[in-house]
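Here's the letter readout for the chains.
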Amino acid sequence: MPDPDADFDVGYVAQLCRLELTADETVQFQAQLSGVIEYMKKIDQLDLSGIEATAHAVPAFDVYREDEPGPSLTVEEVLRNAPQKSQNQFAVTKVVE
Amino acid sequence: MARKDFLVTIGLEVHVQLKTRTKMFCACAVAFGEEPNTLCCPVCLGLPGALPVLNKRAIEMTLLTGRMLGCSTPEISKWDRKNYFYPDMPKNYQISQFDLPLCLGGGVPLYELAYPKDHQKSIAHPDKVVALTRIHLEEDVAKSTHLPKATLIDFNRAGTPLMEIVSEPEIESPEEAVAYLNSLRQILLYGEVSDADMEKGQMRCDVNVSVRPKDQKKLGTKIELKNLNSVSAVRRALHYEIERQIGELEEGNRIVQATWRWNDDAGQTEWMRNKEDSQDYRYFPDPDLLPVRTAGMLAALGVPELPHQKQVRFVRDFGVTSYDGGVLSADRALADYFEAAATGTTHGKKLANWVINNLLSALKEADLPLGQSPVRPTQLRALVELIEDGKITNNQAKEVFARLFAEPSHEDLAALAVSMGFEPANAGELEGFVDQVVAANPGPVAEIKAGNAKAINSLLGQVMKLSGGKGDPKLIRQLLEQKTA
Ligand SMILES: [Zn+2]
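Please read these numbers as outputs of a predicted model, since none were measured by experiment. (Residues numbered from 1 in each chain as written. Chains lettered and ligands numbered in written order. Predicted model: local features only at pLDDT ≥ 70, side-chain atom pairs only at ≥ 80, totals over all residues.)

1. Considering the nonpolar core
Residue and element names in this part refer to chain B.
Logical step 1: Val16, Cys40, Cys44, Ala177, Tyr180, Val207 and Val234 are the most contacted members of the largest nonpolar core, which has 81 residues in total.
Logical step 2: Looking at which element gives the most residues to this core, the answer is helix H2 (residues 174–190), with 9 residues.
Logical step 3: Contact partners of Val207, with chain neighbours within four places excluded, come to Ile10, Leu12, Ala177, Leu225, Leu228, Val234 and Leu238.
Logical step 4: Phe318, Ala341, Ala342 and Ala397 belong to the second-largest nonpolar core, a separate cluster that totals 31 residues. (Core = buried A, V, L, I, M, F, W, Y, C linked by C-beta atoms within 7 Å. Buried ≥ 20, exposed ≤ 12 C-beta atoms within 10 Å, placed from the backbone. Helix = DSSP H or I, 4+ residues; strand = E, 2+ residues; numbered from the N terminus. Contact = placed C-beta atoms within 7 Å.)

2. Quick look at the sheet that holds strand S9 (residues 143–146) of chain B
Logical step 1: Taking strand neighbours across the sheet as the criterion, the 4 strands line up as S2(A)-S3(A)-S10(B)-S9(B) in an open arrangement whose pairing is antiparallel. Unpaired on one side and paired on the other, strand S2 (85–86) of chain A together with S9 of chain B mark the two borders of the sheet.
Logical step 2: Judged from the 4 bridges that link them, S9 of chain B and strand S10 (residues 150–154) of chain B form a sheet pairing that is antiparallel. From the neighbouring strand, His146 of chain B faces S10 of chain B, where its bridge partner is Thr151 of chain B. (Pairing = 2+ DSSP bridges.)

3. Examining the domain arrangement of chain B
Logical step 1: When the domains of chain B are assigned, the result is domain 1 (3–299), domain 2 (307–419) and domain 3 (427–483).
Logical step 2: Averaged C-alpha coordinates put domain 1 of chain B and domain 3 of chain B at centres separated by 66 Å. (Domains from an automatic or database assignment.)

4. Notes on the interface of chain B and chain A
Logical step 1: If you look at the interface, chain B gives 40 residues, while chain A gives 33 residues.
Logical step 2: Mapped onto the side of chain B that touches chain A, the elements with two or more residues apiece are strand S2 (54–55), helix H1 (56–68), S9, S10 and strand S17 (292–293) of chain B.
Logical step 3: At 5 residues, S10 of chain B tops the list of elements feeding residues into the side of chain B that touches chain A.
Logical step 4: Among the residues forming the side of chain B that touches chain A, the class breakdown is 22 nonpolar, 8 polar and 10 charged.
Logical step 5: As paired elements, strand S1 (residues 64–65) of chain A and S2 of chain B share 2 bridges and run parallel to each other. If you follow Tyr64 of chain A over to S2 of chain B, its bridge partner there is Leu54 of chain B. (Nonpolar A, V, L, I, M, F, W, Y, C, P; charged D, E, K, R; others polar.)

5. Description of helix H10 (residues 394–406) of chain B
Residues and elements named next belong to chain B.
Logical step 1: The terminal C-alpha atoms of H10, which comprises 13 residues, lie 19 Å apart, in line with the 18 Å expected from a rise of 1.5 Å per residue.
Logical step 2: Of all the residues in H10, the buried ones are Ala397, Val400, Phe401 and Leu404. The buried side chains of H10 occupy one side of the element, clustering within an arc of 105 degrees when seen end-on. Looking at H10, the residues exposed on the side facing more than 90 degrees away from the buried face are Asn395, Ala402 and Ala406.
Logical step 3: Buried residues along H10 sit against helix H8 (348–366), helix H9 (377–388) and helix H11 (413–419). (Expected span 1.5 Å × (residues − 1). Arc of directions from axis to C-beta.)

6. Considerations on the pairing of strand S15 (residues 268–274) of chain B
All names here are of chain B.
Logical step 1: Pairing geometry for strand S14 (residues 258–263) and S15, over 6 bridges, is antiparallel. Counted as the bridge partner of Thr259 is Arg273 from S15.
Logical step 2: In this antiparallel pair of consecutive strands, S14 and S15, the connection spans 4 residues, and Gly267 shows a positive phi of 70 degrees.

7. Describing the confidence of the model for chain B
Logical step 1: When pLDDT is averaged along chain B, the result is 91, and 98% of the positions lie at 70 or above.
Logical step 2: For this predicted complex, the interface confidence reaches an ipTM of 0.87, while the overall pTM sits at 0.84. (pLDDT = per-residue confidence, 0-100.)

8. Quick notes on unusual backbone geometry
The general pattern is negative phi for most residues beyond glycine and trans for most peptide bonds.
Residue and element names in this part refer to chain A.
Logical step 1: In this structure, Arg18 takes a positive phi of about 55 degrees despite not being glycine.
Logical step 2: Structurally, the position occupied by Arg18 is in the loop between helix H1 (10–16) and helix H2 (23–41).
Logical step 3: Of note in this structure, Asn88 is not a glycine but carries a positive phi near 60 degrees.
Logical step 4: Note that Asn88 resides in the loop between S2 and strand S3 (89–93).

Rendered as structure tokens:
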């Protein structure tokens, strides 16, 4: 696992995201995303002492649903976008754990 | 080096499906054995743009589990995305909890009767409590069926609330691992948060195990075991894996951190993947879900009496032995049955015997669950009272019980006993028999008078015979003692 404080490597992130970048894209996105991270790092320069950590960007809490069942989709609707299906299930390339 | 020259360290990660009516983040029903993909919606299918909403009950159940296991709870708990790619999780992240889980710390007490039966006499650490690291809530994934050329995915299970209970590496033997799982299951059943049946996949277990020479301080390299589908599989897999690791070390080999799979048919563990292939999950807060303030919910929880507390109370209030208290409290339904039977009598100890020995074996023979017992708690109490009041003997009671078990419609047990010919000889009649026997046995009577109390037994047998087996042994003994004093 890479050190989170190490320099940003767009190639590694692309690999985690299963994205294939061309050499040009790698250079372009490396520069752009590094810029975004530099921008975020500005927070480090602020004096945050006395400011409470937040668990979410929005200061709201406790939004729930009661445990009451509602309708589900029909199996036809569920499988409508499936590229391949079999026995009312999504069929995918065989995966081995 | 011998087996005893090595220390074993085991940690368990247990996933428990909660018994909610609906899924964690959508209103689809939670049910088993339904037709594939009939309990799905855009949220649990992971369709773009669908938004999750927290199931309040699932959070309450997790907090209750934490309370039952003595965990603490952060004031604020939040939701995070665990990113990975696998067809059973098509939005490519699982909603889970990273740094602010619902429960921290706590522990699972290892109950004596939760150990394997063949091991209960040799428990290394009685009253051990295995510390927990944390309990968090997440969503279950879809179910994959692997065919020869394709994998089929059914999303009915996707999104079912799943509690992950992580232990500290404090378990020292396969038998302690068994006790941990059985004790944990008992507690989850008491809290009615899950049915926790491993064979039905409602409770799943990953095991980390390492060994090291006794004189080594640093923990050995750990191996993760997967595909453990029953408590007994956990025990067998651990025994196998521990022997394997010790064998490797003894041959001078190094253990490489890896995941191995238990093959139950072959009875061995098999290499799956090395740790190097393991993923970087890039957890980050889920912006779709708001954090939870836990104080209000915690305050509203009703925490049930736990098995070990019930055991202590049964010993105190009903006079049962500690062992019987353990047997009775191991199962909540059994504990409730016993308590209903024993409340309002002074014969708790005797009732415990009847429940554990007679009732349970009759139910087992008839292949009936306790919930369908033909004999109700009040009837069993009435039966024991007939014995204790000297109306029928223990052996006669067994016959009455068998009749009642077969014909549960009998309401009046005393009348049933009489109808079976079990009428107690009355005191006057018995006194006559006693006089008769005392007169006919001057020898033994002299012995009793000389202080040989045991000689009374042969006289008691004779009086019993004269009464046709109907006499109350306690009353006969009393009369004999009077007449030979
Ligand atoms: Zn759904």
